[in-house]
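One letter stands for each residue in the lines below.
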Amino acid sequence: MTPRPIARPAPPSLSYELYPPRSAASADTLLRTIEALESTRPDHVSVTYSGDEQRRDSSLALLDHLLARTSLRPLAHLTCVGSTRAELERTVATLVRRGVRGVLALRGDLDPGAEPGELRHAGELVELVREVEQRHTAALAAGRLAVGVAAYPTRHPESPSFRHDVEVLLAKQRSGADFAITQVYFRPQRYERLVAAARAAGVTIPIVPGIMPVTDPRRLRTLCRLAGLAPHPGLAAALEDAPGPVERHRAGVAFAARLARAALDAGAPGLHLYTFNEHRAVLDLLEHVDLPRVPHVPVPLDELLLPA
Ligand code: FAD
């Protein structure tokens, strides 16, 4: 009898988030970052989006750069905020024409003064992307786009409860989402709790942990304000108390590496790393995470400062 081939689980995926540069100097930094990240052969690189028209064009320019000048596969973020339904349809069609094959469908942040947009929730945007996809089957050789959505290990600031967030994630899956990427979180249990609750509710799509090595106390405060999170006291203290930038860097990287390892140990399908358009911290983090594709230089974690 011919033995059956053994189905091996896929190796964990690796992806990064970039945002469009806001100045010539930051564009130079970004180019260096892209080059450095490309060497780790990620599955995709996501590009943030904004309802603001100028920043929208910068996102498209960055997507074009990734497609034309690199071997990287872009995942285009898209938000309901600031756009009409017709504008979103045109943007999705443009992305498909330019060669983008993955979209992260989001509602977007409701900044004060921002136009809420015609679509109210990310689930409606997932449905819109699926509708537009139907009109472009000839361009899409694989037949469909990969559509991701956001998931929340810590309650979304506008949600009545964590349970509600899980229901919303299930609704986004039913609208046609293929995978989810989580908001930043600071405690490993938060990711595990989200996955357990989502699976119990019927969510079957991969839920990829979003991890950010934060190596600066000011950045931690800004991030927490924008995401509606309370800063982790141990991380905040380690960043505040570190005697210099090297120690701050080590503390931030060690903290994020611990989260990444815990998520992979809990069965996470991969890692999505928020980069702040800088490669140093994410590449240092990857040295402490055993992903098959990444050149692995093992350095014992206890050599780094581990905030409690
Ligand atoms: P939704 O899923 O629509 O949820 C928004 C709120 O509405 C939640 O409180 C939810 O509980 C509620 N809700 C949703 N659907 C329903 C429903 N059917 N019935 C009742 N309530 C519902 N923002 C940007 O502006 N640009 C970006 O590029 C960007 N990238 C991001 C990437 C990731 C991985 C993540 C996690 C977030 C990102 N954000 C970005 C931030 C995101 O836009 C905000 O967190 C936003 O507040 C919510 O977006 P969402 O897609 O989760 O919205």
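Residues numbered from 1 in each chain as written. Predicted model: local features only at pLDDT ≥ 70, side-chain atom pairs only at ≥ 80, totals over all residues.

**With respect to the overall build of the chain**
1) Next: Helix and strand counts for the chain come out as ten helices and nine strands.
2) Next: Whereas a compact globule of 308 residues would reach a radius of gyration of roughly 19 Å, the chain reaches 19 Å, a difference of no more than 12%.
3) Next: Its C-alpha atoms give the chain principal-axis dimensions of roughly 65 × 55 × 45 Å.
4) Next: The burial tally for the chain puts 42% of its 308 residues in the buried class.
5) Next: By sequence separation, contacts in the chain at least 24 residues apart represent 78% of the contacts at least 6 residues apart. (Helix = DSSP H or I, 4+ residues; strand = E, 2+ residues; numbered from the N terminus. Rg over C-alpha atoms; globule rule 2.2 N^0.38 Å. Buried ≥ 20, exposed ≤ 12 C-beta atoms within 10 Å, placed from the backbone. Contact = placed C-beta atoms within 7 Å.)

**A word on the site of the ligand**
1) Next: By nearness alone, 24 residues border the ligand, and Thr48, His77, Arg107, Ala122 and Ala150 come closest of all.
2) Next: At the level of elements, β3 (74–79), β4 (102–106), α4 (122–134) and α5 (162–175) are the ones that each hand at least two residues to the shell around the ligand.
3) Next: Element by element, the count of residues in the shell around the ligand is highest for α5, at four residues.
4) Next: In terms of residue class, the shell around the ligand is built from eight nonpolar, twelve polar and four charged. (Near = placed C-beta within 6 Å. Nonpolar A, V, L, I, M, F, W, Y, C, P; charged D, E, K, R; others polar.)

**Observations regarding the pairing of strand β5 (residues 146–151)**
1) Next: Among the six residues of β5, five are classified as buried, and the element is accordingly described as predominantly covered.
2) Next: Bridging between β4 and β5 involves four bridges; their strand directions are parallel. Looking at β5, one finds that Ala105 is bridged to Val149.
3) Next: Between the parallel pair β5 and strand β6 (residues 179–182), the chain is carried across by α5, and the sense of this crossover is right-handed. (Pairing = 2+ DSSP bridges. Right-handed = clockwise from strand over helix to strand, strands pointing away.)

**Quick notes on the sheet that holds β5**
1) Next: On the basis of which strands lie adjacent, the open sheet formed by nine strands has the order β7-β6-β5-β4-β3-β2-β1-β9-β8 and parallel pairing. A strand with exactly one partner marks an edge of an open sheet, and here the two such strands are β7 (207–208) and β8 (210–211).
2) Next: One ladder, built from four bridges, connects β5 with β6; its direction is parallel. Its bridge partner being in β6, Ala150 is matched across the sheet by Ile181.

**Some details on the packing of helix α8 (residues 233–241) against helix α9 (residues 245–265)**
1) Next: It is at 8 Å that the axes of α8 and α9 come closest, and there the two elements cross at 160 degrees. Of the possible angle classes, the one that applies to α8 and α9 is roughly antiparallel. As α8 packs across α9, the resulting crossing turns out to be right-handed. Each of Leu235, Ala238 and Leu239 in α8 lies in contact with α9, whose residues at this interface are Arg248, Ala251, Gly252 and Phe255.
2) Next: Each residue belonging to the contact of α8 with α9 can be placed in one class, and the counts come to five nonpolar, one polar and one charged. (Axes fitted to C-alpha atoms, helices over the stretch in contact; angles between N-to-C directions. Parallel < 35°, antiparallel > 145°, perpendicular 65-115°, else oblique. Left-handed = near helix turned anticlockwise from the far one by under 90°.)

**Side note on helix α1 (residues 24–38)**
1) Next: With 15 residues, α1 should reach 21 Å at 1.5 Å per residue; the first-to-last C-alpha distance of 21 Å fits that figure.
2) Next: Buried residues of α1: Leu30, Thr33, Ile34 and Leu37, and no others. For α1, the buried positions fall inside an angular range of 100 degrees around the axis, keeping them on one side. Within α1, the exposed residues directed more than 90 degrees away from the buried face are Ala24, Ala25, Asp28, Arg32 and Glu35.
3) Next: Against the buried residues of α1 lie β1 (13–18) and β2 (44–47). (Expected span 1.5 Å × (residues − 1). Arc of directions from axis to C-beta.)

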